[in-house]
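Structure at a glance
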Amino acid sequence: MSELIIRSAKVSDLDRCFEIEKDAYAGEEAATKEKILKRIQTYPEGFIVLQNEREIIGFINSGATHKVELSDEEFKELIGHDPDGKHIVIMSVVIHPNYQGKSFTSLLMRNFINAMQAMGKTEIYLICQTELINMYAKYGFIHLGESDSDHGGLSWHEMSLAL
C-alpha cells in the first residue's frame, strides 16, 4: 500500500478538493468552489485531507460553533463559525469515487475525531443520507432523527458524537 498522509488543507488543494466534491456528490449537494475555499481559509484545522503519493483522495471539512443548528444553510458558508466553539459541524466527508471501498473513510474519520478531541471540542454533529446512518454509527454517532434541512433538495438525518 502506498504511503498515506493526513494533514490540514491548504489553498493550493482547492482545485482537487472541489473536483472530489463534485465527483462524489450529486448536483446541488456538492459545495461550490467558493465555499470550499472559504472553509480552507477560515478553519484549516477543521479541514483535513488524505493524500497518497500522487494526489488528495479525500477530505473532511467542518466548522466550530457554540450553538448547533444543523439545518442552517448559512453555516455551510461559515456564517456563525467561531473557532473557539466547542461543537463541530461536519459539512463534507468525501472520498474520490476511484478510492471508495478501501477503508479510507474510516482512516479519515478516526483521525478527525481524535483531532477534535485533542482540540478540546465536546461534540461533533453532521447530517447524512439514510444509507449512511449505520456507517456513522460505527464511529459512535447517535441518530437524532430527521433533519429540517432540504440541502440539495434531499432529505437528511441528524447525528451527533459526544467526545
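First, a word on what this report is: a plain description of the structure on this page.

Our next topic: helix α3 (residues 104-118). Helical periodicity: at 3.6 residues per turn, an α-helix aligns residues three or four positions apart in one direction. Relative to the 21 Å expected for 15 residues at 1.5 Å per residue, α3 spans 21 Å between its end C-alpha atoms, a close match to the ideal helical length. Taken together, the buried positions of α3 are occupied by Phe104, Leu108, Met109, Phe112, Ile113 and Met116. The arc that holds the buried residues of α3, viewed along the axis, is 155°, so those residues lie on one side. Residues of α3 that are buried make contact with β2 (47-51), β3 (56-65), β4 (87-95), β5 (123-128), α4 (133-137) and β7 (157-162).

So, on to unusual backbone geometry. With a phi angle near 65°, Leu78 is a residue other than glycine that sits in the positive phi range. Along the chain, Leu78 turns up in the loop between β3 and β4. In this structure Leu78 comes out as buried when scored by relative accessible area, which is 7%. Residue Ser103 is not a glycine yet carries a positive backbone phi of 70°. In this structure Ser103 comes out as exposed when scored by relative accessible area, which is 56%.

The rules behind each value
- Numbers given to residues run from 1 along each chain, matching the order in which its sequence is written.
- Two thresholds apply to this predicted model, a pLDDT of at least 70 for residue-level local features and 80 or more for giving and counting side-chain atom pairs, whereas whole-chain, interface and lining totals are computed over all residues.
- Side-chain numbers here rest on the full set of heavy atoms in the structure, without hydrogens or water.
- Helix and strand assignments follow DSSP, with helices taken as H or I runs no shorter than four residues and strands as E runs no shorter than two, numbered in order from the N terminus.
- What a helix should span is 1.5 Å times the count of its residues minus one.
- Burial status follows relative accessibility: with a 1.4 Å probe on protein chains alone, a residue under 20% of its type maximum counts as buried, one over 50% as exposed, and anything between as partly exposed.
- When we speak of the arc, we mean the arc of directions from the helix axis to the C-beta atoms.
- Only heavy atoms enter the contact rule, under which two residues are in contact if any of them lie within 4.5 Å.

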